[in-house]
Amino acid sequence: MNRTNPGPERHLVGMPVSPGVAIGPMFGATEAPALVQRRKIQASDSGAEVSRLDAAIVQSRKQLTKLRNRLAVLPEDSQAEIAPLLDAYLQMIGPSRLVRQTRKRITEALVSAETAVADETQALADAILALPGPGDSARRHAEEVREIGRRLVRNLTRTPFRSFAGLPSGAILICESLRPADAALLDPSKLAGVATEEGGADGHTSVMLRALGVPAVLSVEGLGQAARPGDLVVIDGTAGTVVVNPSPTTLAAAKRAVIAFAQERARFGRMRRLASVTQDGHSIELQANLEIPVELPLIAQSGAAGIGLLRSEFMFMNRETLPDEDDQYEAYRTAIEAMGGDPVTIRVLDWGGEKEIEALQNEGVVPDVADTNPALGLRGIRLLLRQPALFETQLAAILRAGVAGPTRVLLPMVTNIAEIRTARDHYDRVVRRLRRRGDRLPDKLPPLGIMIETPGAALSADALAQEADFFAIGTNDLTMYTLAVDRGETEVSELYDPLHPAVLRLIQITAEAALRANIGVSVCGEMAANPHFTRLLIGLGLRSLSMNAAAVPRVKQAIRALKATECVAFAAQVMRQSDPVAIRRMVMEAA
Ligand code: PEP
Ligand code: MG
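Being a predicted model, the structure only gives us computed values, none of them experimental.

(A) Seen up close, the overall build of the protein chain. The helix and strand tally for the protein chain stands at 23 helices and 16 strands. Taking 591 residues into account, the globule formula puts the C-alpha radius of gyration at 25 Å, and the protein chain, at 26 Å, falls close to it. Expressed as lengths along the three principal axes of its C-alpha atoms, the size of the protein chain is roughly 70 × 65 × 45 Å. Counting the 591 residues in the protein chain, one finds 51% classified as buried. Long-range contacts, defined as pairs at least 24 residues apart, comprise 70% of the intrachain contacts of the protein chain with a sequence gap of at least 6. Within the structure as shown, the protein chain displays about 25,800 Å² of accessible surface, and the carbon and sulfur contribution to it stands at 52%. Separation of charge centres in the protein chain, based on 67 positive and 69 negative side chains, amounts to 4 Å.

(B) Structural context of the sheet that holds strand β2 (residues 15-18). Read from one edge to the other, the open sheet built from 8 strands follows the order β1-β8-β7-β3-β4-β5-β6-β2, with strand pairing classed as mixed. A strand with exactly one partner marks an edge of an open sheet, and here the two such strands are β1 (10-13) and β2. Sheet twist, expressed as the average angle between the axes of neighbouring strands with direction ignored, equals 30°. Pairing between strand β7 (residues 232-236) and strand β8 (residues 241-244): 4 bridges, direction antiparallel. Directly across from Ile235, in β8, lies its bridge partner Val242. Relative to the sheet, helix α9 (residues 248-271) contacts β3 (21-28), β7 and β8, its axis offset from that of β3 by approximately 115°.

(C) Local environment of the site of ligand 1. Looking at ligand 1, there are 13 residues lining it, with Arg311, Arg347, Gly474, Asn476 and Arg487 nearest. Within the side chain of Arg311, a nitrogen or oxygen atom sits 2.7 Å from an oxygen atom of ligand 1. At a separation of 3.3 Å, an oxygen atom of ligand 1 approaches a polar backbone atom of Gly474. Bound to the protein, ligand 1 loses 99% of the 290 Å² it would expose on its own. Elements supplying a minimum of two residues to the shell around ligand 1: β10 (307-311) and α18 (475-483). Classifying every residue of the shell around ligand 1 by side-chain character gives 3 nonpolar, 4 polar and 6 charged.

(D) Layout of the pairing of strand β9 (residues 285-290). Within β9, 5 of the 6 residues are buried, which leaves it mostly tucked inside the rest of the structure. Where β9 and strand β16 (residues 544-547) come together, 4 bridges link them in parallel fashion. Considered in β16, the bridge of Glu285 is made with Ser544. As judged from the 3 bridges shared by β9 and β10, these two strands associate in the parallel manner. Bridge pairing in β10 places Leu290 opposite Leu310.

(E) Spatial organisation of the coordination of the magnesium ion (ligand 2). Within the protein, the magnesium ion (ligand 2) binds to Glu453 (OE) and Asp477 (OD); these donor distances fall in the range 2.0 Å. Taken together, the residues Glu453 in the loop between β13 (448-452) and α16 (455-459) and Asp477 in helix α18 connect sequence positions 24 residues apart. Given a relative accessible area of 2%, Glu453 falls into the buried group. Owing to a relative accessible area of 1%, Asp477 belongs among the buried residues under this scheme.

(F) Representation of the pairing of strand β4 (residues 171-175) in the model. Burial within β4 is extensive, with 5 of its 5 residues counted as buried. The side-chain alternation of β4 yields two buried faces, one formed by Ala171, Leu173 and Cys175 and the other by Ile172 and Ile174. Note that β3 and β4 share 3 bridges and pair parallel. Bridge pairing links Phe27 to Leu173 in β4.

(G) Focus on the pattern of salt bridges. Overall, the coordinates contain 29 salt bridges when judged by the stated rule. Two residues, Arg333 and Glu337, come together in a salt bridge whose shortest N-O distance is 3.8 Å. Taken as a pair, Arg333 and Glu337 lie in helix α11 (residues 325-338) at a separation of 4 residues, close to a single helical turn. Given the relative accessible area of 47%, Glu337 is considered partly exposed. By sharing partners, the salt bridges in this structure join Glu313, Arg347, Asp350, Arg379 and Asp477 into a single network.

(H) Seen up close, the domain arrangement of the protein chain. Domain parsing of the protein chain yields domain 1 (10-31 + 162-247), domain 2 (43-157) and domain 3 (274-590). Relative placement of domain 2 and domain 3: their C-alpha centres are 35 Å apart.

(I) Looking closely at the packing of aromatic side chains. The final tally for this structure, using the stated rule, is 0 aromatic pairs. Stacked on the ring of Tyr329, the Lys or Arg Arg400 has its end atom at 4.3 Å from the ring centre. Between Arg535 and the ring centre of Phe570, over which it is positioned, the NZ or CZ distance is 5.6 Å.

(J) Geometry of the environment of His426. Within the element layout of this structure, His426 appears in helix α15 (residues 417-437). Its relative accessible area of 6% is what places His426 among the buried residues. Distance from His426 to Thr393, taken between C-alpha atoms, is 10 Å for residues 33 residues apart in sequence. Aside from chain neighbours lying at most four places away, what touches His426 is Leu385, Pro388, Phe391, Glu392 and Leu395. Within the structure, His426 has its side chain in polar contact with the side chain of Glu392 (distance 2.7 Å).

(K) Up close: the nonpolar core. Ranked by internal contacts, the top residues of the largest apolar core, which has 101 residues, are Phe471, Leu504 and Leu545. The element contributing the most residues to this core is helix α14 (residues 388-401), with 8 residues. Setting aside its immediate chain neighbours within four residues, Leu545 contacts Ile284, Glu285, Leu286, Gln287, Val523, Ala528, Thr534, Leu537 and Val555. Among the nonpolar cores identified, the runner-up in size contains 57 residues, and Leu74, Ile106, Ala181 and Leu218 belong to it.

(L) Geometry of helix α21 (residues 552-560). Where α21 is concerned, the buried positions are Val552, Pro553, Val555, Lys556, Ala558 and Ile559. In this fold, the buried residues of α21 make contact with α9, β9, α10 (296-302), α20 (534-539) and β16.

What counts, and where the lines are drawn
Residues numbered from 1 in each chain as written. Chains lettered and ligands numbered in written order. Predicted model: local features only at pLDDT ≥ 70, side-chain atom pairs only at ≥ 80, totals over all residues. Heavy atoms only, no water. Helix = DSSP H or I, 4+ residues; strand = E, 2+ residues; numbered from the N terminus. Rg over C-alpha atoms; globule rule 2.2 N^0.38 Å. Buried < 20%, exposed > 50% of the residue type's maximum accessible area, 1.4 Å probe, protein only. Contact = heavy atoms within 4.5 Å. Areas by Shrake-Rupley, 256 points an atom, 1.4 Å probe, with all protein chains shown as cover. Lys, Arg positive; Asp, Glu negative; His and termini not counted. Charge placed at Lys NZ, Arg CZ, Asp CG, Glu CD. Pairing = 2+ DSSP bridges. Axes fitted to C-alpha atoms, helices over the stretch in contact; angles between N-to-C directions. Near = heavy atom within 4 Å. Polar contact = N/O pair within 3.5 Å; in protein donor to acceptor, adjacent residues only side chain to side chain. Nonpolar A, V, L, I, M, F, W, Y, C, P; charged D, E, K, R; others polar. Donors = N, O, S within 2.8 Å, 3.2 Å for Na, K, Ca; no water. Salt bridge = Lys/Arg side-chain N within 4 Å of Asp/Glu carboxyl O. Domains from an automatic or database assignment. Phe/Tyr/Trp six-rings, centres within 6.5 Å; stacked < 30°, edge-to-face > 60°. Lys NZ or Arg CZ within 6 Å of the ring centre and 35° of its normal. Core = buried A, V, L, I, M, F, W, Y, C linked by side-chain atoms within 4.5 Å.

What follows is the structure, given as structure tokens:
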């Protein structure tokens, strides 16, 4: 490194996406943008343009297949997470709607192949994002569409792709953006860290960087101007900070943080094998939530005792038609088998609210006209009971997959006992049908539980507990419905507080009702993932928590430091408070 004249120390802030602290010289890898010159064509040229498009598709497929094969050099866990991202691209340039529509644009709008690709991918990404309150999955899908568009345009315009050759060992890679396809070109054992100007926490880039185990901060404004090649850079992927040209004091602190992080990693690694038990001997079931299948290896490594919430929406997204029983059976069986005997709770489709699914629209399963207030409309179990074929297909797939290991079925957005009774009628009917058909079913049929996500459900928990086999408290929605604060609305995000006494009271009511009826109860909302809240949740009577896989070791560490008796006394003290700010202070101070 040649730093004759390091500039002043500069602090920048971005989005923390992959934890850890890294120190190293900056290596810049910029990529010249591929420029699309909008061009009209003659009708007689459209055949030739379609051929150019087809050639670019073949070339892109070849490149992606090659990159996918190169993933073999990465550690197995990283491969398992990154390969599906590249597969998603490959699928999109197969016989997809994107390809069909792009060809149509060439022949009907009479534009060049690159113009058609740019317009179609832009229109498709915009349409995905225009859905009311796009969720993480929609944002990821829009990102995939844009990425495939960039690759096709690059190949059509013969703009070279960037290379990471020359990246020195121990360097911090700084660029505008990084994409899953780049993972195959990077050697994680050489790369100290990554900072980019673009990208968000929920995108594929962050999944990929976490899979590589490389500390990373994305979306750092002004990064390009602040750092010059060779500058010493410190990035903190936990706090989301980047320091260029650190002072000796900053550097010394960063070195200590590198060591502390390595020690924490080692401790969490050991934690995986330790029991999730309080100091006074109460076992707490710790499970993981699964939102997309790429999380399965992470869950397996996290030390989670099974999946407490498998959000089955992923089965229905990013496709034009609904998955049939066999498609679903395969996906559920894979998850159940991967858990090796630990239970898997599969939540049936929770459509509605902020979750939009194209295939349901295409097949006329959901109304064309959106509800005026989707969060209060035809969501979760309400839709499934209106669409018995959809519901029963999913139940059949889960029942068959249940042969592979302990399985539970979870109903979303239940608010009254009639819904559970009707759902159980469907369930029984499916069991009879599968038996008649000669399908193998589990010896012990999966229990049928419900999400408690509304104040109405929590307040009638005693009655619901007579009908449901178990409860899973969804604190994300419970907080939203209790406080009338949209969970995705930034304008009111300060009011969204799971520690509000009203939310805590409803959790307590639910836990006590489950205890009286002798049924299981868990918390599977984001609240369960915060180790500061573990003391309170145990004190409120919870003995089962489900969370994102990354949080499992941290929450386990918290559990192992607690005594259940003290948690109960603490919860009693908290429940006497009426001010959410005071409660938060108590919770943070006690942790
Ligand atoms: C919840 O509402 O807390 C929950 C776990 O369900 P989802 O986040 O999928 O709505
Ligand atoms: Mg919910």
